[in-house]
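# Structural overview
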Amino acid sequence: MKPLWTGQAFVDAIGGSVSGVIPESIKGISIDSRTLEKGEAFFAIRGANLDGHEFAAAAAKAGAAVLVVEKAQADVLQKTGVALLLVDDVLAALTRLGVAARERTKAEIIAVTGSVGKTTTKEMLRFCLGGQGRVHANPASFNNHWGVPLTLARMPEETDYGIFEIGMNHENEIRPLVKLVRPHVALITRIAAAHMGYFTSLEAIAHAKAEIFEGLAPQGVGLLNADDPLCSYLEKRARAAGCGTIATFGRAENADYRLLENYPHAGGSCFEVDLKGTQAVVKLGVAGSHMVDNALGVLAAADCVGADVAHIVLALPEFREMSGRGARYTLSMPDGGCLTLIDESYNANPASMRAGLALLGDSAPASRGRRIAVLGDMLELGQYSRAAHEDLAGPLRLAKTNLVFLAGKEMEYLERTLRDEVPVEYRKSVADLLPAVFAALRSGDVVMVKSSNGIGTARIVSALLERYPPLVS
Ligand SMILES: CC(=O)N[C@H]1[C@@H](OP(=O)(O)OP(=O)(O)OC[C@H]2O[C@@H](n3ccc(=O)[nH]c3=O)[C@H](O)[C@@H]2O)O[C@H](CO)[C@@H](O)[C@@H]1O[C@H](C)C(=O)N[C@@H](C)C(=O)N[C@H](CCC(=O)N[C@@H](CCC[C@@H](N)C(=O)O)C(=O)O)C(=O)O
Ligand SMILES: Nc1ncnc2c1ncn2[C@@H]1O[C@H](COP(=O)(O)OP(=O)(O)OP(=O)(O)O)[C@@H](O)[C@H]1O
Ligand SMILES: C[C@@H](N)C(=O)N[C@H](C)C(=O)O
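- With an unreviewed UniProt entry as reference, the protein is termed UDP-N-acetylmuramoyl-tripeptide--D-alanyl-D-alanine ligase, source organism Candidatus Tokpelaia hoelldobleri.
- What UniProt records for the protein under Pathway (unreviewed entry) is the sentence "Cell wall biogenesis; peptidoglycan biosynthesis."
- What UniProt records for the protein under Subcellular location (unreviewed entry) is the sentence "Cytoplasm".

And the structure:
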């Protein structure tokens with residue numbers, strides 16, 4: 001099998017000086033000694049908490065083919081017996097390898113950003129394009145200054161479709177990343193009030209997301225959500241960045257990839273679309289109108305890179321929600337009944353909370369069951385945080401929520417807003433909330449768990465899955 005990198009191409013791409021003998025083939029790229037596989041190159045990154053150089057010896061023991069480390073570490077790490085590639089800056093070295101990967105590939109490249117739905121759109125593209133070519137995409141949400149260069153450096157030369165999620169919570173983060181990725185299609189899912197603590201307005205967020213157009217390949221397409229109030233602003237930004245072709249998707253009448261009718265049901269949707277003049281009926285196996293939006297973006301992006309859209313239509317019914325982003329479980333309860341768990345624990349901001357609560361509202365409890373929301377703080381909202389938390393009372397009402405559990409400092413504001421209209425249990429931490437949730441649950445309930453990842457409501461999901469084994473996942 002062809003290696004990911006030959007030793008020679010690896011050194012040519014990165015530069016630096018070699019100590020020892022670089023193997024002829026390098027199987028993969030790792031920045032983590034805990035998951036490194038034999039034959040992979042280890043890059044010793046200096047992270048927020050730790051310095052990867054401290055784990056280079058462990059990487060060598062795990063079978064690293066080569067250690068990419070700072071020059072100053074040479075003496076200590078020569079003792080490992082593994083070849084060293086000595087550089088000034090390891091992240092810059094990883095980035096150079098990423099640039100070389102992009103240069104050598106003939107793949108069609110799609111970049112995805114937006115305030116919500118990036119990972120889902122990326123994974124839907126990975127899944128749907130998988131039937132018609134070799135697809136490479138970021139693992140998990142590896143969308144930042146480590147994740148994007150790492151994903152590029154891992155891209156095999158023979159890739160047909162490269163899908164790159166690019167994230168940011170400050171301006172000027174997307175620009176350098178997209179200049180590495182050089183996409184043929186740059187898709188913005190939607191602008192929403194995420195990370196508002198670092199921005200002054202939605203327009204400022206749109207401005208930062210529009211950096212994605214600055215890295216478009218020549219003749220590249222800017223792909224926008226026609227229903228986004230900031231669509232024309234984004235179009236202007238795309239044009240100013242030199243993007244000659246704009247395409248849009250959405251419900252708006254002028255959308256190029258347009259939703260005509262949507263027939264939602266408990267487990268998904270069936271919808272009719274007009275894809276630049278060709279009509280199709282699409283079945284989607286994941287629930288929520290936000291998933292229809294994501295699917296429209298996927299159909300549009302696939303068409304823009306010249307993929308066979310009929311294959312995408314055939315694949316979409318099989319796509320399933322990811323853990324932390326809408327995954328559904330039927331849990332078996334001790335009395336022989338069942339409970340429905342919706343795991344939305346990976347992310348929360350005002351827009352995604354509304355999407356998650358709409359899922360709860362659309363899910364009918366069984367007899368004696370209730371709709372239960374288990375919510376934790378939405379992070380990074382700065383001065384807007386209090387109002388954003390209080391405003392969740394509206395979507396909770398719309399979702400006909402019978403019982404609410406809240407954890408986190410900011411959720412106390414919501415508790416005060418809600419306490420006179422719906423039974424609500426508030427605790428400062430997820431750990432304190434867990435026993436109260438367990439005590440309340442019964443067969444027939446539908447429970448939706450959601451917070452920013454940092455709050456850790458994922459622990460509530462895993463505790464429930466452990467105690468009540470899922471029947472269907
Ligand atoms: C560098 C890295 O990936 N770190 C991950 C690692 O962290 P750890 O606790 O180990 O500490 P360090 O990062 O300091 O470690 C330094 C290196 O040492 C390695 N190492 C450590 C221990 C060991 O035994 N062996 C080792 O080899 C280590 O692997 C490092 O290379 O593990 C944590 C737990 O799993 C991870 O959380 C941590 O990941 C960091 C946070 C990270 O950013 N990783 C990227 C690959 C990534 O893309 N992660 C995404 C999250 C992206 C995100 O939040 N996106 C935002 C927008 C971007 C904001 C941007 N401004 C920013 O701040 O990042 C969004 O809203 O979408 C992901 O994990 O999904
Ligand atoms: N198109 C959408 N519109 C509104 N909300 C959405 C949309 N797609 C997904 N969501 C909501 O956002 C949550 C996170 O989805 P996803 O991980 O795909 O977004 P993301 O932009 O990648 O987030 P992150 O930046 O945290 O990685 C989902 O669990 C769901 O609640
Ligand atoms: C985890 C990171 N991708 C993110 O989206 N953070 C926000 C603040 C969240 O956790 O919802």
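Here the narrative resumes.
### A look at the UniProt feature "binding site: ATP" (unreviewed entry) in the protein
- Taken from the UniProt record, the annotation "binding site: ATP" (unreviewed entry) applies to G114, S115, V116, G117, K118, T119 and T120.
- Position of V116 among the secondary structure elements: in the loop between β8 (108-113) and α5 (118-129).
- In this structure, V116 is in contact with T189, R190, N349, A351 and S352, ignoring residues within four places of it in sequence.
- Tracing the backbone shows T120 in helix α5.
- Judged by its relative accessible area of 8%, T120 falls in the buried class.
- In contact with T120, other than residues within four places in its own chain, are M291, N294, F319, M322 and R325.

### Re the pattern of salt bridges
- Here the structure, examined in full by the defined rule, presents 22 salt bridges.
- E37 is paired through a salt bridge with K27; the nearest N and O atoms lie 3.5 Å apart. Remark: K27 occurs in the loop between β3 (25-26) and β4 (28-30) and E37 occurs in the loop between β4 and β5 (40-43); sequence separation between them is ten residues.
- Residues E415 and R419 are paired through a salt bridge, measuring 3.0 Å at the closest nitrogen-oxygen approach.
- Ionic contacts of the salt-bridge type, sharing partners, join the residues K2, E157 and E158 into one network.

### Observations regarding helix α9 (residues 231-240)
- Looking at α9, one finds that the buried residues are C231, Y233, L234 and A238. With its buried residues spanning 160° around the axis, α9 presents them on a single face. Exposed residues pointing more than 90 degrees away from the buried face of α9 are listed as K236 and A240.
- Buried residues in α9 make contact with β11 (185-188), α8 (202-209), β12 (221-225) and β13 (245-250).
- Of the residues trailing α9, G242 is marked for its positive phi of about 95°.

### Re the packing of aromatic side chains
- Per the stated rule, a full pass over the model turns up three aromatic pairs.
- Centre to centre, the rings of F127 and F319 are 5.9 Å apart; their planes meet at 65°, and the pair counts as edge-to-face. You can see F127 sitting in helix α5 and its partner F319 sitting in the loop between α11 (309-315) and β17 (327-332), a full 192 residues away along the chain.
- Residue classification places F127 among the partly exposed residues on the basis of a relative accessible area of 37%.
- Both rings, one in F438 and one in Y468, keep their centres 6.0 Å apart while their planes meet at 65°; by these two values the pair is edge-to-face. Highlighted residues: F438 in helix α16 (residues 430-440) and Y468 in the loop between α17 (458-467) and β23 (470-472), separated in sequence by 30 residues.
- Here Y468 falls in the buried class, since its relative accessible area comes to 7%.

### Digging into the layout of surface pockets
- There is about 730 Å³ of room inside the second largest pocket.
- Together, 27 residues line the second largest pocket, and I31, D32, R34, G47 and W146 are the ones closest to its centre.
- Contributing elements (two or more residues each) for the lining of the second largest pocket: β4, β5 and α6 (147-153).
- When the residues that make up the lining of the second largest pocket are grouped by side-chain class, the tally is eleven nonpolar, ten polar and six charged.

### What about the site of ligand 1?
- Around ligand 1, the structure places 24 residues, and the nearest of them are I31, N49, L50, N144 and E173.
- I31 places a polar main-chain atom, nitrogen or oxygen, 2.7 Å from an oxygen atom of ligand 1.
- One of the side-chain N or O atoms of N169 is found 2.8 Å from a nitrogen atom in ligand 1.
- In this structure the site holding ligand 1 corresponds to the second largest pocket.
- Looking at the shell around ligand 1 residue by residue, the classes come out as ten nonpolar, eleven polar and three charged.
- When residues of the shell around ligand 1 are assigned to domains, at least three fall in each of domain 1 (5-89) and domain 2 (105-318).

### As for the state of the cysteines
- Throughout the structure, instances matching the rule amount to zero disulfides.
- Here C128 is not disulfide-linked; the sulfur of C304 is the nearest cysteine sulfur, at 15 Å.

Definitions and cut-offs
Residues numbered from 1 in each chain as written. Chains lettered and ligands numbered in written order. Predicted model: local features only at pLDDT ≥ 70, side-chain atom pairs only at ≥ 80, totals over all residues. Heavy atoms only, no water. UniProt positions renumbered as here; feature names shortened; annotations may be inferred. Helix = DSSP H or I, 4+ residues; strand = E, 2+ residues; numbered from the N terminus. Contact = heavy atoms within 4.5 Å. Buried < 20%, exposed > 50% of the residue type's maximum accessible area, 1.4 Å probe, protein only. Salt bridge = Lys/Arg side-chain N within 4 Å of Asp/Glu carboxyl O. Arc of directions from axis to C-beta. Phe/Tyr/Trp six-rings, centres within 6.5 Å; stacked < 30°, edge-to-face > 60°. 1 Å grid on protein atoms, 1.4 Å probe; cavity = no way out; pocket = protein on both sides within 12 Å on 5 of 7 lines; lining within 4 Å. Points joined across faces, edges and corners; volume = space filled by probe spheres on them. Nonpolar A, V, L, I, M, F, W, Y, C, P; charged D, E, K, R; others polar. Near = heavy atom within 4 Å. Polar contact = N/O pair within 3.5 Å; in protein donor to acceptor, adjacent residues only side chain to side chain. Sits in = over half its atoms within 2 Å of the grid points. Domains from an automatic or database assignment. Disulfide = S-S within 2.5 Å.

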